[in-house]
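Remarks on the overall topology
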Amino acid sequence: MPFNRTLKLLDYFDYESDIERLPFLNKSNWTPKIETISSPISKLVQNNYRTVTLLNSPLLDRDNLDRHQRLALTQLKNNKDIVIKPADKGSAVVILDRQQYLLEARRQLDNPDHYIRLPHSIQNQTQSLLIVFQKLQTKGYINHKQKMYLIGPNPPRPRCFYLLPKVHKDPKAWTIPFEVPQGRPIVSDCGSESYNSAQYVDHFLNPLSQIHDSYLKDAYDFIEKIRDKSFPGHAFLFTADIESLYTNIDTRLGLEAVRECFNRHPDPCRPDDLILQLLEINLTRNDFEFDKQCYLQIQGTAMGKMFAPSYANIYMAYWQRTLQIQRLFLGHSQNYGLFP
């Protein structure tokens, strides 16, 4: 029982919650022996075991669905003519005709600006490029155990592509109006050869992605920032959205944005060049499977990469600063008569 293990650990370490733990290590399953913990916690743990054993008695094991409901769920699960997915927003469940789902997926995957087909997976070759972690160990940034964790599983789990239907959009704007909604592309990265390396990259990008002036954590953060500000009576507040931001970030500019961010916020304990190498590997070798076909993403990043939100935030901050510099230059240029 995880709860009992937590009780034992807290008691064993005298309830110290601020113990510094190294990141990028496999989770430990070590549990203190019962004789090493205090008597009150020992009794509580034993009572918990007895209670759980009683609750798991076959006499109390009742299904919360009747036979007909369970049969209906099984039939839906085994129906190969439909695809069941959660909606992109909200809590709706969407049931799509399989051919319609494939139509939307292929509409996106056949875009040569974003994806190309591969004859086979390149995960094994990509794993060989993660020799970067050997350099990180040699330079003292990580230890051997961290390196073995970050290199990832062998063999890696293939990445899978799927769509979350955007049923919240105007049905008139769907791929087939009122029939086939657009889908948000997701690439499941868990267990892949670069999943842990993406975690390492995000460890450094995440804090930097939140320190620029335009960063908003959520609606509450926005309200707090404008609470003491006044606006003219004729002013309008509006929002803007970038369509398919993740897949439209130019990889070269994205890497430049991260490098510029590193330069703006130097840290002698951060291996900038090696982090950028890992980021480039993640961005340029994001291959995946869909409907028994292998693909490679050649532009942007995928939703599913752990660093994707931080990477997008840093890129947008870079874009905003570049735009401000351009406006400043144009303003001065107009003063000198260089532009009409």
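Conventions adopted
- Residues numbered from 1 in each chain as written.
- Predicted model: local features only at pLDDT ≥ 70, side-chain atom pairs only at ≥ 80, totals over all residues.
- Heavy atoms only, no water.
- Helix = DSSP H or I, 4+ residues; strand = E, 2+ residues; numbered from the N terminus.
- pLDDT = per-residue confidence, 0-100.
- Contact = heavy atoms within 4.5 Å.
- 1 Å grid on protein atoms, 1.4 Å probe; cavity = no way out; pocket = protein on both sides within 12 Å on 5 of 7 lines; lining within 4 Å.
- Points joined across faces, edges and corners; volume = space filled by probe spheres on them.
- Buried < 20%, exposed > 50% of the residue type's maximum accessible area, 1.4 Å probe, protein only.
- Arc of directions from axis to C-beta.

Attention now moves to unusual backbone geometry. The peptide bond linking Asn154 to Pro155 adopts the cis configuration, its omega dihedral lying at 5 degrees. Secondary-structure assignment places Pro155 in the loop between helix 7 (144-151) and strand 4 (160-165). One non-glycine residue, Phe178, lies in the positive phi region at around 70 degrees. Along the polypeptide, Phe178 turns up in the loop between strand 4 and strand 5 (183-188).

Let us look at the confidence of the model for the protein chain. The share of residues in the protein chain with pLDDT of 70 or more is 92%, and the mean pLDDT across the chain is 89. pLDDT under 50 marks residues 333-340. Its contacts with residues more than four places away, or in other chains, come to six contacts.

The next subject is empty space enclosed by the protein. Following the criterion strictly, the structure yields two cavities of 30 Å³ or more and no others. Taken as a whole, the largest cavity spans an internal volume of roughly 50 Å³. As for the largest cavity, its lining consists of Leu96, Gln100, Tyr101, Glu104, Leu163, Pro165, Val180, Pro181 and Gly183. By residue number, the principal contributor to the lining of the largest cavity is helix 4 (residues 98-109), which donates three residues. The volume enclosed by the second largest cavity comes to roughly 40 Å³.

Attention shifts here to helix 1 (residues 2-12). Count 3.6 residues to each turn of an α-helix, and residues three or four apart come out pointing the same way. Along helix 1, the residues that are buried comprise Asn4, Leu7, Lys8 and Asp11. In an axial view of helix 1, the angular spread of the buried residues amounts to 95 degrees, which keeps them on one side of the axis. Phi for Asp14, located one or two positions after helix 1, is positive at around 60 degrees.

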